[in-house]
Structure formats: structure tokens, C-alpha cells
Amino acid sequence: MAATVTWEALRELAGFRSERGCAFSFYLGLDPSTTPTPADAETRLRSLLARAEKEFANGGGRAHDEKVSVARDLDRVRAWWNDEFDRDGARGVAIFVSGADGLWRVLPLPRPVRDDVHLGRRLRLTPLVELAGDGDGAFVAVVNRERGQVFQLRSGRLEEIVDRSEEQPGQHDQGGWSQAHFQRHIARLVAGHLKAVGGEIDKRVRRARGPQLVIVAPEELRREIESALSAEARESIIGWASAEAHASPAELLEAARPYLDRARAARVQETLERWRGERGKHGRASAGWAETLAAASDGRVELLLLGERAGQKAFRCPECGRAEAAGGRCPLDGAELEPDAAADCAVEQTLAQGGAVVNVRGGVLDDAEGVGALLRF
């Protein structure tokens, strides 16, 4: 079952250190458009495991017990795949394993990822950044003349929290009433139903912090539904969607997803404006790898802004983990800095010290070497 990746989970993983540098981070994409069958998925997994074996062998000079431990780790991944893996709803999977350090963590993912494998003391978490949160906590209300349900997005799925659905009288219930009288009666029942559902939505919105609300409803009822909501609930609406009258939670989430994505993009834009403002006045902002890696290593990054530049190199201390844009010796303990990926260093340091990360598209950070941050101090 796919799950939303939480910031808490990422921060926990960011705190991991392998004593012998034998921790694997696996990423396997399971998008049905590129991996439609179980056989396709297994072929890609075998390719990843072969890459893992090659990367370990290329390290050279491995001790016998390290070789045994890594072989067991790869066997455990194979066994999990054969005996335990359930693709239900997963568009990708992340696996973190190091038997020697007591690490085994599997994260089925709600969105596709690029196939990748990494071996080292620390885990590669950068591919998960874009999935973190992913709309978790948002409300989706489905309202029509009879249906009145409120769902909340949790762990990548909509969970029902309210059901005020009511069966309305049909034509066969008219009896001796006149058509006009019967229609007025139905209109009163529907109005009462919408008011009751609106009240339930209001309760949930008031309890939430900065809620996002998508309402799935017929076009002709939207004005009535909106009038049944409080001003606070109306301000929380990020979109009106359409779906079949008896749409499942998965279908409702698919209908709501474009609005959740749009709201996320708007938040990124607001963050960029805040960063530009702080940068312009030389305030609590960093720009470029040298400033940002130093700030992340010092625990000053509140929110890391990561652009699209791939392959940027950095250097990391093997003892304390401090990251620097240039090589040499660690300014804290004098150890020789080792090459590493700049994005992985920045992400890991930011998460390990309680910060968050946002991916920024469109080259808007190009004048800052593709990276920046909002700082705590």
C-alpha cells in the first residue's frame, strides 16, 4: 500500500549512519505506463540488485564479514520481493537496508521515482523530497443531492471521516401530492441535507491548521453548497471538481489531485518570493552551494530550495558529516573531505537538523547555482 512520505520519516532516516559504509538505498519505479506487468518490475529489480553488487565490488578491499553482510542484505531484498511485496497502489518503492547496522525500511510510494541504487554511510533521500507531505491532511468533500461525505488525505489515500449521505424520495414516493408541492418538498430536503453536510465540513476545517479543501459536486449545486459553508470553509476551498455520482475514494483523489498540485505550486511560489525578499536585503537567506552547504552543516537551514542542476559535486567529512563546496580538510576535526553529491549532502544535513526541503522547477534558481535556503538565523 502506497504511503505519503512524512517529514518525520525523512528526518529519522537522515539521522542514520552506517558504521562500515555498507547501507543501500534502492529506488524502483513502478509507473504502470513503463512497468505494466510483474515480470517488467522484476526485471528492473534484478538490474538494480546487479548494480548494487557491482558498486559494492568496486569499493575494493572489503572485509569478509562485510561481503557476507551485503550478500545477506541483497538476499533479503529478493526474499521480500518474492514473499511480501504487494504492488497495491504503489507507483514506486524505496528500500533502505544495512543488516550490519540493523536497518530495514521499505516505503511504497504513491508517485513514480527513477530507478537508482546508492551505497554509503548515509542514505540517499533526495528522490523522496518531492513526495514529502504530498497533500497530506487535505480534505476532499463529495456532495450531491444524496451523498455527503468528507474524506481526509492520509498516507496517500483518502480516509472517510464523515458520512452524512441521505437517500432522498424518488418519483415513486410522490403519492397523492401535486407535482409542484412534491418538488418543493424535495428542494427543502436537499437544502437541509446540504446544510448538514456544510456543518460537518465547517467542523473539520475549524479544527485543522491551514486546511486545503476540494469539493467534488455537480455544477448546478455548487452555489447552494457554498452558501451552506462558513466564510472560513469557503476560504479553504482550493478547487471544485467533478466525478461520477458513486465515485470511489481512489477516483475522488484522482479528481482532486490537480487542485492539490496547483496549491503546492502556489506555496512554492510564495516561498520563492520570501527567499528573494530575504536575499535582497541580505537577511536570513543563502544562495549558492558554498553558503548553503555551510548553513545546512551548521543547522541554520529552515527550508532548503533545491533547483534542477544534477550532478553538482561537493565534499563531506567522513567523521562528522560536515559538507563543503570545496575540498580540503574539515574545519571542525581536520579530517580529509571526501567527494559526494552536493544535493544529497544539503538534503541530508537539512533534514537531520529538523529542516524541510522544496524542489523548485523552471530554472528560477539558476542565478544562485541552483540552490538556496531560508535560514533560522
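None of the values given here were measured: they were computed from a predicted structure.

How each quantity is defined
- Residues numbered from 1 in each chain as written.
- Predicted model: local features only at pLDDT ≥ 70, side-chain atom pairs only at ≥ 80, totals over all residues.
- Heavy atoms only, no water.
- Phe/Tyr/Trp six-rings, centres within 6.5 Å; stacked < 30°, edge-to-face > 60°.
- Helix = DSSP H or I, 4+ residues; strand = E, 2+ residues; numbered from the N terminus.
- Buried < 20%, exposed > 50% of the residue type's maximum accessible area, 1.4 Å probe, protein only.
- Axes fitted to C-alpha atoms, helices over the stretch in contact; angles between N-to-C directions.
- Parallel < 35°, antiparallel > 145°, perpendicular 65-115°, else oblique.
- Left-handed = near helix turned anticlockwise from the far one by under 90°.
- Contact = heavy atoms within 4.5 Å.
- Nonpolar A, V, L, I, M, F, W, Y, C, P; charged D, E, K, R; others polar.
- Pairing = 2+ DSSP bridges.
- 1 Å grid on protein atoms, 1.4 Å probe; cavity = no way out; pocket = protein on both sides within 12 Å on 5 of 7 lines; lining within 4 Å.
- Points joined across faces, edges and corners; volume = space filled by probe spheres on them.
- Salt bridge = Lys/Arg side-chain N within 4 Å of Asp/Glu carboxyl O.

Peer 1: An account of the packing of aromatic side chains is requested, with residue identities and associated values reported.
Peer 2: Aromatic ring pairs are described here by two measures, namely the spacing of the ring centres and the angle between the planes. Evaluation of the coordinates by the stated rule reveals five aromatic pairs. The interplanar angle of 85° and the centroid separation of 6.1 Å between the aromatic rings of Tyr27 and Phe96 together place this pair among those described as edge-to-face. Placement of the pair is Tyr27 in strand E1 (residues 23-29) and Phe96 in strand E2 (residues 92-98), with a sequence separation of 69 residues. Neither residue differs from the other here; Tyr27 and Phe96 are each classed as buried. Aromatic rings pair up to connect Trp80, Trp81 and Phe85 into one cluster.

Peer 1: Give me the packing of helix H8 (residues 289-297) against helix H9 (residues 342-352): which residues, what numbers.
Peer 2: Relative to each other, H8 and H9 sit at 30°, their axes nearing to 8 Å. On the basis of their axis angle, the class for H8 and H9 is roughly parallel. Like other packed secondary-structure pairs, H8 and H9 cross with a definite hand, here left-handed. Listed contacts from H9 to Trp289, Leu293, Ala296 and Ser297 of H8 are Ala342, Ala343, Cys345, Ala346, Gln349 and Thr350. Grouping the constituent residues of the contact of H8 with H9 by class yields seven nonpolar, three polar and no charged.

Peer 1: Tell me about the sheet that holds strand E4 (residues 116-120), and please be specific about residues and values.
Peer 2: Overall, antiparallel pairing links the four strands, which are arranged E3-E2-E1-E4 in an open sheet. Across the chains shown, the open sheet's two edge strands, defined by having one partner strand only, are strand E3 (103-109) and E4. This sheet shows a mean twist of 5° between the axes of neighbouring strands, independent of strand direction. Strands in contact with helix H2 (residues 38-58) are E1 and E4; relative to E1, the strand with the most contacts, it is inclined by about 155°. The strands touched by helix H3 (residues 64-83) are E1, E2 and E3; relative to E2, the strand with the most contacts, the crossing angle is about 150°.

Peer 1: Please set out empty space enclosed by the protein residue by residue, giving values where relevant.
Peer 2: Inspection of every chain in the model, using the stated rule, returns one cavity of 30 Å³ or more. Considering only enclosed or pocket space, the largest cavity measures out at about 40 Å³ in volume. Contributing to the lining of the largest cavity are Asp134, Gly135, Gln212, Arg257, Leu260, Asp261, Arg264 and Arg267. Looking at the lining of the largest cavity, its residues break down into one nonpolar, two polar and five charged.

Peer 1: Could you give an account of the pattern of salt bridges, with specific residues and numbers?
Peer 2: Summed over the entire model, instances satisfying the criterion amount to 27 salt bridges. Through salt bridges that share partners, Arg17, Arg122, Arg316, Asp340 and Glu348 make up one connected network.

Peer 1: If you had to explain the sheet that holds strand E14 (residues 338-341) to someone new, which residues and values would you point to?
Peer 2: Pairing is antiparallel across the open sheet formed by three strands, whose spatial order is E13-E12-E14. The two strands at the open ends of the sheet, each matched to only one other strand, are strand E13 (323-324) and E14. Across two bridges, the pairing between strand E12 (residues 313-316) and E13 is antiparallel. Its bridge partner being in E13, Arg316 is matched across the sheet by Ala323. Relative to the sheet, H9 contacts E12, E13 and E14, its axis offset from that of E14 by approximately 85°.

Peer 1: Let's hear about the pairing of strand E9 (residues 237-241): which residues, and what values?
Peer 2: The two faces of a sheet get side chains in turn, since along a regular strand they alternate between them. For E9, a buried count of four out of five residues is recorded, marking the element as mostly surrounded by other parts of the structure. In this sheet, E9 lies alongside strand E8 (residues 213-216) in parallel orientation, the contact comprising four bridges. Pairing of Val214 across the sheet is with Gly239, part of E9.

Peer 1: If you had to explain the environment of Arg72 to someone new, which residues and values would you point to?
Peer 2: Note that Arg72 resides in helix H3. Judged by its relative accessible area of 61%, Arg72 falls in the exposed class. As for Arg72 and Ala100, which are separated by 28 residues in sequence, their C-alpha atoms are 9.7 Å apart.

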